[in-house]
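# Observations on chain architecture
Spelled out, the chains give:
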Amino acid sequence: MPAEAPSSTELLELLVEPHTGSPLHLVAGPPPRLESESGRAYPVDGGVARFVAADALPAEQAATGDTFSTKWARVDTFGHDAATRDFHHRWYLERYGWPDEAAFAAFLGQQARVLDAGCGVGRDVAWYLAHAPGLVAGVDISTAVDAAARNVGAHPRLLLAQADLANLPFPPGFFDYVACDQVLHHTFDPRASFDHLVSRVRPGGVLAFYVYKVKGPLREFADDHLRSLATRMPEAEALRLSEALTRFGQALTEQRLTMEVPVAIPELGISAGRFDVQRWLYWNVFKCFYNADWDWETNVMTNYDWYRPVTAYRYRPEEIREWIAAAGLEILHEDVGDAGLSYRCRKPTH
Ligand SMILES: C[S@@+](CC[C@H](N)C(=O)[O-])C[C@H]1O[C@@H](n2cnc3c(N)ncnc32)[C@H](O)[C@@H]1O
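Everything quoted here is computed from the prediction, not taken from an experiment.

Mapped onto the fold, A83 is located in helix α3 (residues 82-95). Taking the C-beta count within 10 Å as the criterion, A83 has 13 such neighbours and is therefore assigned partly exposed. Residues A83 and W294, 211 residues apart in the sequence, show an inter-C-alpha distance of 7.2 Å.

To continue, consider the nonpolar core. Formed by 80 residues in total, the largest nonpolar core has its most connected members in A148, V178 and L207. Here the element with the most residues in this core is strand β9 (residues 201-212); it accounts for seven residues. Two domains share this core, each providing at least three of its residues, namely domain 1 (56-213 + 315-346) and domain 2 (217-307). Residue contacts for V178: discarding those within four places in its chain leaves L115, A117, L197, R200, V201 and L207. L245, F286, C288 and Y290 belong to the second-largest nonpolar core, a separate cluster that totals seven residues.

With 14 residues, α3 should reach 20 Å at 1.5 Å per residue; the first-to-last C-alpha distance of 20 Å fits that figure. Looking one or two residues beyond α3, the residue adopting positive phi is G97, at roughly 80 degrees.

Our focus in this paragraph is the domain arrangement of the protein. Frequently, the measure chosen for interface size is the accessible area that the parts lose on association. When cut into domains, the protein gives domain 1 (56-213 + 315-346) and domain 2 (217-307). With centres defined by C-alpha atoms, the gap from domain 1 to domain 2 works out at 25 Å. Broken down by class, the residue content of the side of domain 1 that touches domain 2 amounts to three nonpolar, one polar and three charged.

Next up on the list: the sheet that holds strand β7 (residues 158-162). Here 11 strands make up an open sheet; going across it, the order is β1-β2-β3-β4-β7-β6-β5-β8-β9-β13-β12 and the pairing mixed. At either margin of the open sheet sits one strand with a lone partner, and together these are β1 (24-27) and β12 (330-336). Adjacent strand axes in the sheet meet at a mean angle of 20 degrees, parallel and antiparallel pairs treated alike. As paired elements, β12 and strand β13 (residues 340-346) share six bridges and run antiparallel to each other. Bridging from a neighbouring strand, V336 pairs with L341 of β13.

Here the focus is the site of the ligand. In the vicinity of the ligand lie 23 residues, with F68, G118, G120, S142 and L165 positioned nearest. Every element with two or more residues in the shell around the ligand is listed here: α2 (59-74) and β6 (135-140). Top contributing element to the shell around the ligand by residue count: α2, with four residues. A per-class count over the shell around the ligand returns eight nonpolar, 10 polar and five charged.

Attention shifts here to the environment of G173. For G173, the position within the fold is in the loop between β7 and β8 (175-181). Among the residues examined, G173 registers 14 C-beta atoms within 10 Å and is labelled partly exposed. Remark: the alpha-carbon pair of G173 and L197, spanning 24 residues in sequence, is separated by 9.4 Å. Setting aside residues up to four positions removed in sequence, G173 forms contacts with R202 and P203.

Scoring rules and cut-offs
Residues numbered from 1 in each chain as written. Predicted model: local features only at pLDDT ≥ 70, side-chain atom pairs only at ≥ 80, totals over all residues. Helix = DSSP H or I, 4+ residues; strand = E, 2+ residues; numbered from the N terminus. Buried ≥ 20, exposed ≤ 12 C-beta atoms within 10 Å, placed from the backbone. Core = buried A, V, L, I, M, F, W, Y, C linked by C-beta atoms within 7 Å. Domains from an automatic or database assignment. Contact = placed C-beta atoms within 7 Å. Expected span 1.5 Å × (residues − 1). Nonpolar A, V, L, I, M, F, W, Y, C, P; charged D, E, K, R; others polar. Pairing = 2+ DSSP bridges. Axes fitted to C-alpha atoms, helices over the stretch in contact; angles between N-to-C directions. Near = placed C-beta within 6 Å.

Dropping the structure here:
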């Protein structure tokens, strides 16, 4: 727990009861809690408001939350060191269509209320606080919020909550900018979660999100197979599998082998060209992530993050464009990458 509570009383009382939208009042305690008009209480622990325990989560969503609680406890400062932070910031800017950090900072400078929906250990919360002038809220279903609180530290404009982004403790139209990076596909019903997030963006506000993309058939087959095993096995076995995948990726990366694919095989999603063998297997056959700039545990947790969560859906661009059109949003930027689909959208003003 952080030495100082990260969320002030004033900010905590901006929260509302998720199911009813009723206002919440902070009771100093002990124990400190937010109480609704009906007398229902939500704990405030370490300055972080907790809505998850009081919610009846679907079993699959609770299991995914537990997986991320485990992951983030093992790599609890991920994205706060120079190597992982710079990698992710560059990737974020590229995917959401920002030419450079200055352009994104100028945008954030106009956003009074920002939400990081599924904030993990707070890498982007810290980034948003550095550039946005007002409230920055971070919500995650897992205990990663505690690591986010430690990593970001006490800040007068920070509000953290452990909550389901499909049932947020904020009123409709509350945020100017909502970012949901690499999270929606892990929710129980991603389409419903998307619609819920849209409802929390103010008219004229912006929503940026990334979801996993459907990959080639060999990779999808191996992913389905490994997921069906990894989601059911005991924790120690899932860690062993994640380590084996990482060792495989590491060994091939270090061998620096290349290969020539003479002609494309579109039926298998295979392109022609010269490829690094590890990268080729990674994209076409199974996830065997390895990045030599990252420590071993972070590499292992990246493979664990792919195969262990029970809820992990993949999408085609047409499906996501249909969600966006049905919600009446305008696409400001679309990025169809090898791994996922990123969108920056604006909600109409009326
Ligand atoms: C792959 S991590 C991404 C974290 C962060 N956005 C980032 O870019 O580093 C996915 C996160 O989504 C969170 N998550 C999954 N389902 C959620 C839900 N229904 N509500 C809120 N957070 C959720 C997990 O706990 C996890 O921290």
